[in-house]
Amino acid sequence: SISNMYALIIARHKKFPEHKTHGMKSVRGIPVCYTSKHSHYSMKGAAATIGLGTNNCREVDVDSKGRMRVEHLEALVKQDLEKGNIPFFVNCTSGSTVFGSFDPINSIADVCQEYGLWLHVDAAWGGGLLMSRNYRSGRFDGVERADSLTWNPHKLLGILLQCSTFHLKESGILNDCNTMKAMYLFQQDKHYDVSYDTGDKVIQCGRHNDIFKFWLTWRAKGSQGFEYQMDRLMELTQYQLRRMKESPEMFYILLEDPEMVNVCFWYIPLRLRDMEHSKQKEEELGKITAQLKSRMMYSGNLMVGYQPLDDKPNFFRSIISNQACQERDIDFMLEEM
């Protein structure tokens, strides 16, 4: 969440450098940012926290697979320009929380280039697939065009909490945006290379050295080890989908071909299996989903998340991110349901 907020702060600094000293009164107009309606809530939270306001964080429509509709993004940008507002930032989600969908980076980058907008890629969840030659293709095409990127190795890669990384294309802008030149803490005449001091580049003063955990794990596994780990998780996801498709009377899959390890589905109890699929049936399945989750928690045998999304009532979202998971664990989950 804070990595995404850094992106928004730095993009604002790039567009309105006078804001750092003079505040919002120095901005002649209303700054506007854009993110998909399926993006992480932290983008709206960041807009609220840094003073842009949630109403000025526009939600862009998504397609049937949960990916940003680029034509709607461009339409919103044009509308804001016509109103005299100042578009400056677009968040591109690479691995959405619910569907695990990847917004089309290249197409979004084209819009950003056309209108002079900062392009941020939120790969907090999906970034692990960068380690896989098989799976980064198509999902991360154009990532080199981003101005900034968020990646949380503590998610898909399984690094111990917490480990969040933030990447910038432009050298020096992080320091320029955030430095307060507190020389009583960040002396410039130390006996070592002070460019390694991160304290005056960030809004936090004291913080853990979270990246060290990632470095140690990378040293131990190597890029090849991480690649195998990602490929194996995706292999297990396909196994789960095959098993569920073998029993269509029991499982209704919302996204037949997910781009990540997210498998979204309803479990269909015996009493509803002969009922034609409809909105009424979905409402019933949504109620059953919450009841099943309650039974899981009380019995202590399973933990599978659920949520509503758009016009869909509660449905299960199974995530395979534990590198110790095997086919028999998936079999157990499906049999228990």
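Enquirer: Sorry if this is basic, but what is going on with the overall build of the protein chain here?
Expert: Regarding its fold elements, the protein chain presents 10 helices and 10 strands. Against the globule reference of 20 Å for 337 residues, the protein chain gives a C-alpha radius of gyration of 22 Å, in line with a compact fold. When its C-alpha atoms are laid out on the principal axes, the protein chain stretches across 70 × 50 × 35 Å. A burial count over the protein chain gives 49% of its 337 residues as buried.

Enquirer: How should the nonpolar core be read in this particular structure?
Expert: Generally speaking, nonpolar side chains in soluble globular proteins are found buried as a group. Counting 70 residues, the largest nonpolar core has Leu73, Ile108 and Met337 as the members making the most contacts within it. In terms of residue count, the dominant contributor to this core is helix α8 (residues 211-245) (nine residues). Once residues lying within four places of it in the same chain are set aside, the contact partners of methionine 337 are Phe251, Phe265, Tyr267, Met296, Leu302, Val304 and Phe316. Membership of the second largest hydrophobic core comes to 18 residues, among which are Ile9, Ala46, Cys57 and Ile173.

Enquirer: Explanation requested: the environment of leucine 241 in the structure shown.
Expert: Structurally, leucine 241 is set in helix α8. Judged by its relative accessible area of 2%, leucine 241 falls in the buried class. With 22 residues separating them along the chain, leucine 241 and valine 263 place their C-alpha atoms 7.5 Å apart. Contacts of leucine 241, omitting those with residues within four sequence positions, involve Ile253, Glu256, Pro258 and Val263.

Enquirer: I'm lost on unusual backbone geometry in this one. Help?
Expert: Cis rather than trans, the peptide bond between leucine 161 and glutamine 162 has omega equal to -15°. Assignment of secondary structure puts glutamine 162 in the loop between β5 (148-151) and β6 (165-168). The backbone of lysine 181 sits at a positive phi, close to 50°, despite the residue not being glycine. Tracing the sequence through the fold places lysine 181 in the loop between α7 (173-178) and α8. With phi around 55°, aspartate 310 is a residue other than glycine that occupies positive phi space. In this fold, aspartate 310 is placed in the loop between β9 (305-309) and β10 (312-319).

Enquirer: Can you help me understand the side chain of histidine 38 in this one?
Expert: Tracing the chain through its elements places histidine 38 in the loop between β1 (31-36) and α3 (42-49). There is a polar contact of 2.7 Å between the side chain of histidine 38 and the side chain of aspartate 310.

Enquirer: In this structure, what is going on with the pairing of strand β8 (residues 262-267)? I would like to understand it.
Expert: Within a regular beta strand, the side chains point alternately toward one face of the sheet and then the other, so they alternate between its two faces. Most of β8 is tucked away: six of the six residues are buried. Going residue by residue along β8, you find Asn262, Cys264 and Trp266 tucked away on one face and Val263, Phe265 and Tyr267 tucked away on the opposite face as well. Pairing analysis gives three bridges linking strand β7 (residues 251-253) to β8, with the strands arranged antiparallel. The residue of β8 that forms the bridge with isoleucine 253 is phenylalanine 265. Direction of pairing for β8 relative to β10: antiparallel, over a ladder of four bridges.

Scoring rules and cut-offs
Residues numbered from 1 in each chain as written. Predicted model: local features only at pLDDT ≥ 70, side-chain atom pairs only at ≥ 80, totals over all residues. Heavy atoms only, no water. Helix = DSSP H or I, 4+ residues; strand = E, 2+ residues; numbered from the N terminus. Rg over C-alpha atoms; globule rule 2.2 N^0.38 Å. Buried < 20%, exposed > 50% of the residue type's maximum accessible area, 1.4 Å probe, protein only. Core = buried A, V, L, I, M, F, W, Y, C linked by side-chain atoms within 4.5 Å. Contact = heavy atoms within 4.5 Å. Polar contact = N/O pair within 3.5 Å; in protein donor to acceptor, adjacent residues only side chain to side chain. Pairing = 2+ DSSP bridges.

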